[in-house]
Amino acid sequence: MTIIDGLVAEHRVFLMLFDQVECVLPGVKTVDEVALLCRLLEAPLHDHGGAETDLAYIALDHILHQQNRLTRLHHDHQEIDGLLKRVEGIKDLQKARTQLKAALDACRAHFNEEELTVFPLIEKALQHETLQILGKAWKSQSHLSQQSSMDRT
Ligand SMILES: [Fe+2]
Ligand SMILES: [Fe+2]
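The text that follows walks through the structure, step by step, so that each part is easy to find. If you're wondering where the values come from, they're calculated on a predicted model, not measured in any experiment. (Residues numbered from 1 in each chain as written. Chains lettered and ligands numbered in written order. Predicted model: local features only at pLDDT ≥ 70, side-chain atom pairs only at ≥ 80, totals over all residues. Heavy atoms only, no water.)

**Considerations on the side chain of E10**
In step 1: Among the structural elements, E10 can be located in helix α1 (residues 3-24).
In step 2: We note that E10 is buried and unpaired, the nearest opposite charge coming from R12 at a distance of 11 Å. (Helix = DSSP H or I, 4+ residues; strand = E, 2+ residues; numbered from the N terminus. Buried < 20%, exposed > 50% of the residue type's maximum accessible area, 1.4 Å probe, protein only. Lys, Arg positive; Asp, Glu negative; His and termini not counted. Salt bridge = Lys/Arg side-chain N within 4 Å of Asp/Glu carboxyl O.)

See the structure below:
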C-alpha cells in the first residue's frame, strides 16, 4: 500500500461518515448533539490532515509552481479544523445544522481537489518504492487504519 492508497482509503471512510452524519442531522434535537457530531469528526480529520502534510505534501514542496496550490491546501486543513470548532459555538439549532453541512461540503471539495490534482502529482514526483515506504509510515501513525485492521481481526 502506498501513502496515496492509504490517504484515499481514509477519504472513503470520511465520506461514508459524512453521509451518515447528514442522514441523522435532520433528526438531531439539540445544539449539543450537533457539537458532539463535530467533535467525533474533528480529531480524525485533524490527524488525516497532519499525516498528509508531514508525509505527502512535503514531497511537492520543492516543485515551485505548485506552491500556491499547496499553501491553499495547508490553509484548507486549518480552515476545516476551524469550521467544525465554530459550529460547536452556534446556539441556534437550524444554523448549527446548516453550518455543519457546509463544513462537510468543504471537506468533500478539499478531498476531491487532492485526489484530482495533488495526489497524481505526488505519484509522478516520487518512486513507487518511496510511496510504499511513506505508506508504511502512514499506516503506523493512522488511527483510522489501525481501527480498520482491528475490525478485521
Ligand atoms: Fe487534506
Ligand atoms: Fe486528504
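**Some thoughts on a nonpolar patch on the surface**
In step 1: Taken together, the side chains of V13, M16 and L17 define a hydrophobic patch exposed on the protein surface, amounting to about 250 Å² of accessible area.
In step 2: Tracing the sequence through the fold places L17 in helix α1. (Patch = residues over 30% accessible without salt bridge, like charges linked within 9 Å, V, L, I, M, F, W, Y side chains within 5 Å. Areas by Shrake-Rupley, 256 points an atom, 1.4 Å probe, with all protein chains shown as cover.)

**Examining the coordination of the iron ion (ligand 2)**
In step 1: With distances of 2.0 to 2.2 Å, the protein atoms coordinating the iron ion (ligand 2) are H11 (NE2), H48 (NE2), E52 (OE) and E114 (OE).
In step 2: Taken together, the four donor atoms coordinating the iron ion (ligand 2) span angles of 85 to 178 degrees at the metal, a pattern that classifies the geometry as irregular.
In step 3: Between the iron ion (ligand 2) and the iron ion (ligand 1), the interatomic distance is 3.3 Å, and E52 donates to each metal, bridging them. Remark: E52 occurs in helix α2 (residues 31-56) and H11 occurs in helix α1; sequence separation between them is 41 residues. When sorted by exposure, H11 lands in the same class as E52, which is buried. (Donors = N, O, S within 2.8 Å, 3.2 Å for Na, K, Ca; no water. Tetrahedral: all angles 85-135°; square planar, octahedral: opposite > 155°, others 65-115°.)

**Notes on the coordination of the iron ion (ligand 1)**
Under ideal tetrahedral coordination, the four donors around a metal are separated by 109.5 degrees; under ideal octahedral coordination, the six donors are separated by 90 or 180 degrees.
In step 1: For the iron ion (ligand 1), the protein coordination sphere consists of E52 (OE), H77 (NE2), H110 (NE2) and E114 (OE), at 1.9 to 2.1 Å.
In step 2: Taken together, the four donor atoms surrounding the iron ion (ligand 1) define angles of 85 to 170 degrees at the centre, an arrangement classified as irregular.
In step 3: Read in sequence order, the donor residues for the iron ion (ligand 1) give the motif E-x24-H-x32-H-x3-E.
In step 4: Given a relative accessible area of 0%, E52 falls into the buried group.

**Concerning the packing of α2 against helix α4 (residues 93-125)**
In step 1: Between α2 and α4, the least distance of the axes is 11 Å, while the angle of their chain directions is 15 degrees. Classified by the angle their axes make, α2 and α4 are roughly parallel. Regarding α2 and α4, the two cross each other, and that crossing is left-handed. Residue-level contacts link V31, V34, L37, C38, L41, L45, H48, E52 and A56 of α2 to L93, A96, L100, L104, C107, H110, F111, E114, F119 and I122 of α4.
In step 2: Residues that form the contact of α2 with α4 fall into these classes: 15 nonpolar, two polar and two charged. (Axes fitted to C-alpha atoms, helices over the stretch in contact; angles between N-to-C directions. Parallel < 35°, antiparallel > 145°, perpendicular 65-115°, else oblique. Left-handed = near helix turned anticlockwise from the far one by under 90°. Contact = heavy atoms within 4.5 Å. Nonpolar A, V, L, I, M, F, W, Y, C, P; charged D, E, K, R; others polar.)

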